[in-house]
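# Notes for the structure review
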Amino acid sequence: MSKILVTGATGHLGKAVTEFLLQKTDAENISILVRDAAKAEDFKSKGVEIAVGDYNDHASLLQAFKGIDKLYLVSGTDIANRSAQQENVIKAAKEAGVKHIVYTSVQHKNESENSPIAMIANSHLYTEKVLKESGLTYTLLQHGLYADVIPMFAGEKLLENKTIYLPAGEGKTAFAARIDMAEAGAVVLLDETGKFDNKYIEIAGSEAVSWNQIAAIISKITGETITYVSPSVADFTATLTQAGVPAEYIGFFTGFGQGASEGEFDTTTGELESILGRKPVTVEEYLGGVYGV
Ligand code: NAP
């Protein structure tokens, strides 16, 4: 049995992957990399091996990866520095003798600098390249957008102002629940047949929905009339700037809105469904859990 290490295991995705692994294999086969061991007490009590380390700290990674066969590398949160951080992880993994890295990349189409999601996609593309060139076995899980981010894009006060305001046009997104992506990650990690080796796999929902459809779904769930408005980027920027939203956030929302509008996230490959062996949670089911009574 391969020994698996999951990074980011005190975050949402890595924690869920580790929990699925615990359901499917013995704890002795699982290690996790965490920055703060105090946050991993629960896993420790279940017999999971805890390694403390940071993507910035080569020595800590080398120590953590000793004896590991497969690594689940959760993409970092420090967007400006994660190309270098993730390269550190790949180099340390190779040096420590890790055989296979499963990396959580992003679903995308446009790989040029003109891509509206270049600000996040570039570091994923760089990591994909470094991993491919490392000579290690790789699996590139190109995650679509989490259904879990819909409430953030729809706005915290959605049920007060009843309007979704995002420059996403009529573009569709194949949202999938993060929990399903985590389960798929665990299945990939536990596969011993090699069928996921050296593959790019788009992990997204089985249906793509527009923000107009999302507004209709939330209206149905809540009984309120929720309207979707897609402003021009100039109007969106002006409105949010006037409301005091920092430029960095405006850029982030604009990038994802434009990305959706240009169809960056609308591919439904059925890969997630096939890996899970069941239908993934739909957007309507997911939002029912958020906005339903
Ligand atoms: P999350 O809850 O913020 O978890 C990120 C994890 O990465 C945390 O455990 C964090 O450690 C760890 N981490 C960050 N920098 C690190 C470093 N320098 N060294 C070691 N560990 C580090 O995010 P998530 O929801 O699980 O999502 C996982 C990743 O997917 C995110 O990091 C982001 O890249 C990406 N993402 C994708 C979507 C999508 O819609 N597809 C949405 C949001 C994020 P701590 O627990 O110590 O903070």
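Now for a look at the structure at hand. (Residues numbered from 1 in each chain as written. Predicted model: local features only at pLDDT ≥ 70, side-chain atom pairs only at ≥ 80, totals over all residues. Heavy atoms only, no water.)

### Things to note about the packing of helix α10 (residues 233–242) against helix α11 (residues 247–261)
Running from N to C, α10 and α11 cross one another at 150°; their axes reach a closest spacing of 10 Å. The orientation of α10 relative to α11 falls into the category roughly antiparallel. Between α10 and α11 lies a crossing whose hand is right-handed. Contact residues: α10 offers Val233, Phe236, Thr237, Leu240 and Thr241, while α11 offers Ile250, Phe253, Thr254 and Gln258. (Axes fitted to C-alpha atoms, helices over the stretch in contact; angles between N-to-C directions. Helix = DSSP H or I, 4+ residues; strand = E, 2+ residues; numbered from the N terminus. Parallel < 35°, antiparallel > 145°, perpendicular 65-115°, else oblique. Left-handed = near helix turned anticlockwise from the far one by under 90°. Contact = heavy atoms within 4.5 Å.)

### With respect to the nonpolar core
Here is a general trend for soluble globular proteins: nonpolar side chains tend to be buried in one another's company. Grouped together as the largest cluster of nonpolar side chains are 54 residues, with contacts concentrated most on Val6, Leu21, Phe65, Tyr72 and Ile101. With seven residues, the single largest contributor to this core is helix α8 (residues 178–190). Setting aside chain neighbours within four positions, we find Phe65 in contact with Leu5, Leu71, Val89, Ala92, Ala93, Ala96 and Val98. The next biggest cluster of nonpolar side chains, apart from the first, holds 33 residues, and it includes Val106, Ile150, Leu158 and Ile164. (Core = buried A, V, L, I, M, F, W, Y, C linked by side-chain atoms within 4.5 Å. Buried < 20%, exposed > 50% of the residue type's maximum accessible area, 1.4 Å probe, protein only.)

### Quick word on the packing of aromatic side chains
What the rule picks out here adds up to ten aromatic pairs. Ring centres of Phe153 and Phe253 lie 5.2 Å apart, and the angle between their planes is 85°; this geometry places the pair in the edge-to-face category. Within this pair, whereas Phe153 is found in helix α6 (residues 150–154), its partner Phe253 is found in helix α11, the two being separated by 100 residues in sequence. Across the pair, exposure class does not vary: Phe153 and Phe253 are buried alike. Grouped by ring-pair contacts, the aromatic residues Phe153, Phe175, Trp211, Phe252, Phe253, Phe256 and Phe265 constitute a single cluster. (Phe/Tyr/Trp six-rings, centres within 6.5 Å; stacked < 30°, edge-to-face > 60°.)

### Describing the sheet that holds strand β5 (residues 100–106)
Strands pair in a sheet through their backbones, by hydrogen bonds, and they do so in one of two ways: parallel or antiparallel. The strand order β3-β2-β1-β4-β5-β6-β9 describes an open sheet built from seven strands, whose pairing is parallel. Two strands in the sheet have a free side with no partner beyond their single neighbour: β3 (49–52) and β9 (199–203). Across the sheet, the axes of successive neighbouring strands diverge by a mean angle of 20°, strand direction being ignored. Pairing analysis gives four bridges linking strand β4 (residues 70–73) to β5, with the strands arranged parallel. Among the inter-strand pairings, Leu71 is bridged to a residue of β5, identified as Ile101. On top of the sheet, helix α5 (residues 118–133) reaches β5, β6 (137–143) and β9; it is set at about 160° to β5, its chief contact. (Pairing = 2+ DSSP bridges.)

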